[in-house]
Amino acid sequence: MDKPLIYLPSEGKSKELPFNRFLPQVSAGMISGWLGINKKPMDTILDPLGASPNAVLEMANAGYRVLVACNNPVLAFELQMLAKAIPASDLVSAIRELGDLKRGNERLEATIRNLYLTRCPGCRAEIMATGYLWNRDERYPHSRRITCPHCASSGDYPISTDDIQILQQLYRSEQMHRSRAIARVMEGNVDDRSFVEQAVSIYPIRALVVLMTLINKLAGLNLPQSRRELLEAVILSLLDEGNSLWPWPEQKEQPRQLKVPQQFLEKNLLMAFDSAIKSWSVQRNSLPFSVWPEMPDNAGICLYPGRMRDLNQEAPGLQIDAIVCAAPRPSQAFWTLCSLWASWIWGHEKASRFSQVLERRRFDWHWHTTALHAAFLPAASLTVKSIPAFILIPDPAAGFVSAVVESDAIAGYEFSGCAMRSSSEPIQLAWKTNVQGSEYKPVNVKQVVRSAMRDLLNQKGEPVEYIKLHTAALCALADNNAFPPTIQQFTNEKASEIQAILNSILVDSTFLVRLDATAQENESGFWWLANTENAHQPLADRLEVEILKWLQQDGQVSATELLQRTLQKFPGFLSPEDELISHCAESYAVLEPETQTWKIKSGEQQAIRQASSTEAARQLSRISSALRLHQAGDNPIEWFADQHTEQPVYRFYILLNALIPAEAWSTLNNNCQTIFLLPGSRAGLMKYKIVRDPALRERLKNNTRFLKFRALQSIALRTDLSLDIFEVLLETDPLSMEEPAQLSMFR
């Protein structure tokens, strides 16, 4: 918490590239935003991991020379092809040429089409199925997916006898097809045959026949290299579309293990050509591309097709101005598939440098720490001066964060700061390479972690998800040089020891409490302090105050400017999520859709709001008289059974915002109903805060209610009031995150 980093917001979704489901999801604008602040155009940027083509393309498009070390032949090929900005028309032309080839006496396209033919259950026309739904380990799919162009029938229908017959014919030659697919990878090496067989087995027989036919046809063609590469690109996409790692129903979770889902979708590969064309032509402008050692003269990409440690040996003292990358999660599925695909398309020799992944069954977080360190260490030692490093952790998880932070710290990087918003957005880490090396000093790990967690929670003033606690703790350990100086000393036992210390702190009920937990895992629920004496005002409340101040000062603020101001005001782990910012802004302003500008509502002027507060107090006085209750006080206003009673029946706080007054917490008790009066336009924000913050929800659960100004006005006009009726009326207009427009001054 001592080194907050201003979070760099996304400028939109990144491009949908080939193999996108396996790649780190890097939000557009984060990396180029950091470069724009910290480096000048034409500087040389090193990506030592080469895991995110989107990140590399963004840097090059922003005007930087990017040197990327990429040992994965499929990702290296993807970068090379995307840099060319392939026109969709070129891909279409190459595909047509492939489809026109003959298989026997039949065009190849027709041969493939016939494998997906089925009859529409509505009109009985012969059409292509768009896909098939399978249960794992069954020999036939249970459903076919169709969209009939003749009668508009659409949906999932039971598999037909004709569909089964197509598969039965294919199964007769299944052993031959699978053996040939395995042989292309093996080439005489029998040591890892079982691993290859397992990898090949994730392809349903129909997809395998189509893919092997296409690959065989490609191998027999005498084509110019540029033309061949177009077809290689398309076939690579089909290799991804054709496997069974497509769970059904669809899931957001990336397939990381080479395990067939319980139910999966087999796609129509003839139809998949369209999506392949779209993904390979997504880059609009071509970029200079070269292979090491030729560096581009201007902005562009230089690919080193190998390991970072090998590049370090070949280029000592190379002028590098920054290290920037997106860290990947370990992915047995993608890495294994890439080895398989490279062998099938380019041969075993080209794939051999990456083929060791076929034999590895387990990619745990400690292994990943070692693998990342193997890239970060030579990257840091490649230069003779200290340079900045910016690393994104997309889709963060505790083990993932540990692997990145530990590998950087052990590689000698000096921690410069961290910024984090929601758990669904990338964590941003800033480092500096330290040419002198860090001095390892044994520290009290438990004390460092405990202090980091306490500082985070006190400063945020709200419960947080575990991932934020974990990240704050790891960053504090890195900042204190608490990790061993070499990767050899950072054993699996050492990593487990650190995690055990974190876990021991979490179970200390005198320090932390857990709210809304539904499972035993640390990630379930929210974490909060047992002693909140030093906790700051909740972040949501501070943000509301700041946004209102900006709107009152300026009258209107663009959405972009509001986001920038917010992230500058609340850096590091305090960076508010978009949803909270929107709720705060919507409570006081209207977003103009054309200009994307927040304009303060006319009723939010201070004088108007003060008048509504005065009117609310007058309405309370009228109601108390009707109920024959004695009213006292200003704000809070209290109602007593009579003027001689010390304990009030009701206590009212008149709010003009969505902030619970600090003094209200000390007056809450079981013998008095506390009612917060607020404008209806504040109800949505208050409701959101309560839903978002389990600690706030817990404190408000007993003897507290909310009443909108408009409901109060309606009650005051009643002529039949009694305490019983009043109690019922209090519940007639509850808080909601979607408030209707109000025409009166009681907004």
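Each remark here, short or long, concerns the structure printed above.
Described below are features of the structure shown in this document. Quantities reported herein were computed from a predicted structural model and do not represent experimental measurements. (Residues numbered from 1 in each chain as written. Predicted model: local features only at pLDDT ≥ 70, side-chain atom pairs only at ≥ 80, totals over all residues. Heavy atoms only, no water.)

## Considering the nonpolar core
Core analysis: the largest hydrophobic core is formed by 152 residues, its most contacted members being Tyr203, Leu239, Leu340, Trp341 and Trp344. In terms of residue count, the dominant contributor to this core is helix α13 (residues 332–346) (eleven residues). Each residue touching Trp344, except ones within four places of it in the same chain, is listed here: Ala181, Arg184, Val185, Val200, Tyr203, Leu208, Met212, Ile215 and Leu239. Listed in part, the 77 residues of the second largest apolar core include Cys325, Tyr413, Val448 and Leu469. (Core = buried A, V, L, I, M, F, W, Y, C linked by side-chain atoms within 4.5 Å. Buried < 20%, exposed > 50% of the residue type's maximum accessible area, 1.4 Å probe, protein only. Helix = DSSP H or I, 4+ residues; strand = E, 2+ residues; numbered from the N terminus. Contact = heavy atoms within 4.5 Å.)

## Brief notes about the layout of surface pockets
Over the atoms, a rolled probe matching the size of one water molecule traces out where space is still vacant. Space inside the largest pocket adds up to approximately 1,900 Å³. Along its surface, the largest pocket is lined by 49 residues, and Glu16, Asn20, Arg21, Gln251 and Lys252 are the ones closest to its centre. Elements with a contribution of two residues or more to the lining of the largest pocket: α10 (225–241), β10 (263–267) and α11 (272–280). Among the elements that take part in the lining of the largest pocket, α11 stands out by supplying five residues, more than any other. Tallied by class, residues from the lining of the largest pocket come to 18 nonpolar, 16 polar and 15 charged. (1 Å grid on protein atoms, 1.4 Å probe; cavity = no way out; pocket = protein on both sides within 12 Å on 5 of 7 lines; lining within 4 Å. Points joined across faces, edges and corners; volume = space filled by probe spheres on them. Nonpolar A, V, L, I, M, F, W, Y, C, P; charged D, E, K, R; others polar.)

## Here we look at unusual backbone geometry
With an omega of 15 degrees, the peptide bond running from Trp292 to Pro293 counts as cis. Of note, Pro293 is situated in the loop between β11 (289–291) and β12 (300–304). Here the amide bond leading from Asn635 into Pro636 is cis, since omega sits at 20 degrees, within 30 degrees of zero. Position of Pro636 relative to the elements: it lies in the loop between β22 (630–632) and β23 (637–640). Even without a glycine there, the phi angle at Asn481 is positive, about 50 degrees. Looking at the element boundaries, Asn481 is found in the loop between α18 (466–479) and α19 (492–506). Of note, Asp516 is a non-glycine position whose phi angle comes to about 60 degrees, a positive value. For Asp516, the location among the structural elements is in the loop between β17 (512–515) and β18 (526–529). The exposure class assigned to Asp516 is partly exposed, which follows from its relative accessible area of 43%.

## Thoughts on the sheet that holds β10
Ordered by their spatial adjacency, four strands build an open sheet running β9-β8-β7-β10, and the pairing between neighbours is antiparallel. Unpaired on one side and paired on the other, β9 (154–158) and β10 mark the two borders of the sheet. The sheet shows a mean angle of 25 degrees between the axes of neighbouring strands, taken without regard to direction. (Pairing = 2+ DSSP bridges. Axes fitted to C-alpha atoms, helices over the stretch in contact; angles between N-to-C directions.)

## Considerations on the sheet that holds strand β24 (residues 650–654)
The strand order across the open sheet built from five strands is β22-β23-β24-β25-β26, with neighbouring strands paired in mixed fashion. Of all strands in the sheet, those bounded by a partner on one side alone are β22 and β26 (704–708). This sheet shows a mean twist of 25 degrees between the axes of neighbouring strands, independent of strand direction. Across five bridges, the pairing between strand β25 (residues 673–678) and β26 is parallel. Counted as the bridge partner of Ile675 is Arg705 from β26.

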